[in-house]
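Structural overview
Residue-level listing of the chains:
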Amino acid sequence: MAQDNLYASQKNIVAPFEFDEAVVAVFPDMIERSVPGYTLLLPLIGQIASRYAQPHSRCYDLGCSLGAVTLALRQQIQQPGCRITAVDNSPAMIEKCREIIGRSGPGLPVDLVEADICQIPIRNASVVVLNFTFQFVPPAQRDELIQRIYDGLRPGGTLILSEKVIFEPPELDALLVTLHHDFKRANGYSDLEISQKRTALENVLVSETVPQHQARLRQAGFTSADLWFQAFNFVSLLAVKE
Ligand code: GEK
């Protein structure tokens, strides 16, 4: 696995973060060393999806990157006639993801789509996964996207929403941010890398609180929206449409 050292040398100007070819080349290493719980989340998302997937429905992996969630869904969902729609708006991600899925052996059929998740139709869905993608959607477009996901889900369907979040009060947030930075340091990132990456993500990754996410999900119509996973300031919510 190629190692992420994109922010290792001092930069005069840190440009806003983009999912370009340089990021794609080191992405698996970057996400594993940066997101606490990421490798544990993948099979657990597959397990939850296998409970909610319905025969002859679609499962969506929105912001699929290199297809890690898609692969977990393909391996674990057993329902007849299910298809996966995996979407990302980064051409470099989609190209590499196609290669990875092509080599991944038997499993559910996958439709790989290069598009903005705010623009694609969501229909006949039983499972929708947003695994650390929603945080990159501009805040003004968030309510509408969640509403479209709710409308596109079948009754009994689920949305799994994993996000980096803000906690209240500020002292708790500061502690969890510090623990996240300790996690990155323990995984070999230097203070310079941590601080330059943080600058690159400013205004690109916009976090909200868990209550803000839950209020939006309930407003859209979800009857439940519960926290099922937390590792420091990274969480996953399970929202169900009755
Ligand atoms: C995983 N889910 O490995 N439309 C489509 N794709 C988008 C959009 C958008 N509007 N905004 C961002 N992306 C993956 C990890 S990474 C998380 C998801 C991270 C895509 C973007 O191109 C990138 O591939 C992905 O969302 C976010 O489980 O890097 O922290």
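My aim in this report is to walk through the structure given alongside it, one point at a time. (Residues numbered from 1 in each chain as written. Predicted model: local features only at pLDDT ≥ 70, side-chain atom pairs only at ≥ 80, totals over all residues. Heavy atoms only, no water.)

Inspection of the region around the ligand gives 20 residues, with Y38, G63, S65, D88 and N131 positioned closest. Within the contact set of the ligand, a nitrogen atom lies 2.9 Å away from a side-chain nitrogen or oxygen of D116. I117 is positioned such that a nitrogen or oxygen atom in its backbone is 2.9 Å from a nitrogen atom of the ligand. Notes on the ligand: free accessible area 660 Å², of which the protein chains cover 94%. Going through the elements one at a time, α1 (21-34) and α3 (68-76) are the ones with two or more residues in the shell around the ligand. Here the shell around the ligand is built from residues that sort into 11 nonpolar, 7 polar and 2 charged. (Near = heavy atom within 4 Å. Polar contact = N/O pair within 3.5 Å; in protein donor to acceptor, adjacent residues only side chain to side chain. Areas by Shrake-Rupley, 256 points an atom, 1.4 Å probe, with all protein chains shown as cover. Helix = DSSP H or I, 4+ residues; strand = E, 2+ residues; numbered from the N terminus. Nonpolar A, V, L, I, M, F, W, Y, C, P; charged D, E, K, R; others polar.)

So, on to the packing of aromatic side chains. Evaluation of the coordinates by the stated rule reveals 5 aromatic pairs. Plain terms: the ring middles of F19 and F136 are 5.1 Å apart, the flat faces sit at 90 degrees to each other, and that makes the pair edge-to-face. Note that F19 is positioned in the segment before α1 and F136 in the loop between β4 (125-131) and α5 (142-152), a separation of 117 residues in sequence. By relative accessible area, which is 25% here, F136 ends up partly exposed. Aromatic rings pair up to connect F17, F19 and F136 into one cluster. One residue, R33, lies across the ring of Y189, its end atom 4.0 Å from the ring centre. Positioned above the aromatic ring of Y189, the side-chain terminus of K184 is 5.0 Å from the ring centre. (Phe/Tyr/Trp six-rings, centres within 6.5 Å; stacked < 30°, edge-to-face > 60°. Buried < 20%, exposed > 50% of the residue type's maximum accessible area, 1.4 Å probe, protein only. Lys NZ or Arg CZ within 6 Å of the ring centre and 35° of its normal.)

Moving on: the layout of surface pockets. Taken as a whole, the second largest pocket spans an internal volume of roughly 160 Å³. Taken together, L6, Y7, K11, I13, V14, A15, P16, F17, E18, D20, A22 and V23 make up the full set of residues lining the second largest pocket. A breakdown of the residues in the lining of the second largest pocket according to their chemical character gives 9 nonpolar, no polar and 3 charged. (1 Å grid on protein atoms, 1.4 Å probe; cavity = no way out; pocket = protein on both sides within 12 Å on 5 of 7 lines; lining within 4 Å. Points joined across faces, edges and corners; volume = space filled by probe spheres on them.)

Sizing a probe to match a water molecule and rolling it over the atoms shows the empty space that remains. In total, this model carries 1 cavity of 30 Å³ or more according to the counting rule given. In this structure, the largest cavity encloses a volume near 50 Å³. Forming the boundary of the largest cavity are D4, L6, Y7, S34, K184, Y189, E193 and K197.

For any two helices packed against each other, the geometry is given by the interaxial angle and the distance between the axes. At their nearest, the axes of helix α6 (residues 170-186) and helix α7 (residues 191-201) sit 10 Å apart, and the two run at 125 degrees to each other. The angle between α6 and α7 places the two elements in the oblique class. Both α6 and α7 take part in a crossing whose hand is right-handed. Between α6 and α7, the residues in contact are V177, H181, K184 and R185 and D191, I194, K197 and R198, respectively. A breakdown of the residues in the contact of α6 with α7 according to their chemical character gives 2 nonpolar, 1 polar and 5 charged. (Axes fitted to C-alpha atoms, helices over the stretch in contact; angles between N-to-C directions. Parallel < 35°, antiparallel > 145°, perpendicular 65-115°, else oblique. Left-handed = near helix turned anticlockwise from the far one by under 90°. Contact = heavy atoms within 4.5 Å.)

Here we take up the pattern of salt bridges. Evaluation of the coordinates by the stated rule reveals 9 salt bridges. Among the charged side chains, a salt-bridge network with shared partners connects R142, D143, E208 and R216. (Salt bridge = Lys/Arg side-chain N within 4 Å of Asp/Glu carboxyl O.)

Let us now look at the nonpolar core. In this structure, F17, I45, C59, L73, I77, L112 and V127 are the most contacted members of the largest nonpolar core, which totals 49 residues. Considering each element in turn, this core owes the most residues, 7 residues, to helix α2 (residues 38-52). Residues within four places of L112 in sequence aside, it is in contact with C64, A86, I94, C97, R98 and I101. Ranked by size, the runner-up nonpolar core spans 31 residues in total, among them L130, L145, I149 and L217. (Core = buried A, V, L, I, M, F, W, Y, C linked by side-chain atoms within 4.5 Å.)

It is worth stressing that arrangement in space is one thing and function is another; only the former is reported here.
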